Amino acid sequence: HVVQILENLISNSIYWLDLEKKEHPAFQPKIRIAILSNPTRIIYADNGPGIPKSRRESVFEPFFSTKSSSKSRRQGLGLYIARQCAEMMGGSLSLVDIGKPHENRFNTFQLELKEDVDES
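Right, let's walk through the structure included here. Sequence order as written defines the numbering, with residues in each chain counted from 1. Residues qualify for local features only when their pLDDT is at least 70, as the model is predicted, and side-chain atom pairs are given and counted only at 80 or more; totals for whole chains, interfaces and linings, by contrast, use all residues. Working from all heavy atoms in the structure, the side-chain values ignore hydrogens and water.

For the rest of this paragraph, the subject is the sheet that holds strand β6 (residues 108-112). Spatially, the four strands line up as an open sheet ordered β1-β2-β6-β4, and their pairing is antiparallel. Whereas interior strands pair on both sides, the edge strands pair on one side only; in this sheet they are β1 (31-36) and β4 (92-96). Strand-to-strand twist of the sheet, defined as the mean angle between neighbouring strand axes without regard to direction, takes the value 20°. Across the sheet, helix α1 (residues 2-23) is in contact with β1, β2 (41-46), β4 and β6; its angle to β2 comes to roughly 15°. Contacts between residues were defined by any pair of non-hydrogen atoms, one from each residue, lying within 4.5 Å. In this analysis an axis means a line fitted to C-alpha atoms, helices contributing only their contacting stretch, and an angle means the value between N-to-C directions, from 0 to 180 degrees. Only DSSP runs of H or I reaching four residues or more are called helices, and only runs of E reaching two or more are called strands; each is numbered from the N terminus. Packing of helix α2 (residues 78-88) onto the sheet brings it into contact with β4 and β6, and relative to β4 it is tilted by some 125°. Two strands make a pair as long as DSSP finds a minimum of two bridges between them.

In structure tokens, the structure reads:
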């Protein structure tokens, strides 16, 4: 499930970072991943345009997307599936208010994992 979550986050980043690079050729795309403990969590961030505060929760709803329909096959399911995977493991996936490169926008996801993950 963690691989699916990271794959969905990376896929979104690639789309938005590529778009930002096309609009601003001097832009240097970056993705940062940190693994932390107490509680166990993965912090995932990019320096793309970010998600507006007003869409902080709606991005996790099924079929919600601001991507061009010609650019996405599974439009609006990536973050929904990612959150569902996190919850199936007893964890959570949320946008957090840290490391914001843009005012009033979110660029950082936190995947909090359950301490005693079942290996089966």
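Working rule for helices: expected span equals 1.5 Å times residues minus one. Along its 22 residues, α1 runs 32 Å from first to last C-alpha, staying within 8% of the 32 Å computed at 1.5 Å per residue. We call a residue buried when its accessible area falls under 20% of the maximum for its residue type, exposed when it is over 50%, and partly exposed in between, using a 1.4 Å probe and counting protein chains only. Taken residue by residue, α1 has Ile5, Asn8, Leu9, Asn12, Ser13, Tyr15, Leu17 and Glu20 as its buried positions. For α1, the elements touching its buried residues are β1, β2, α2, β4 and β6.

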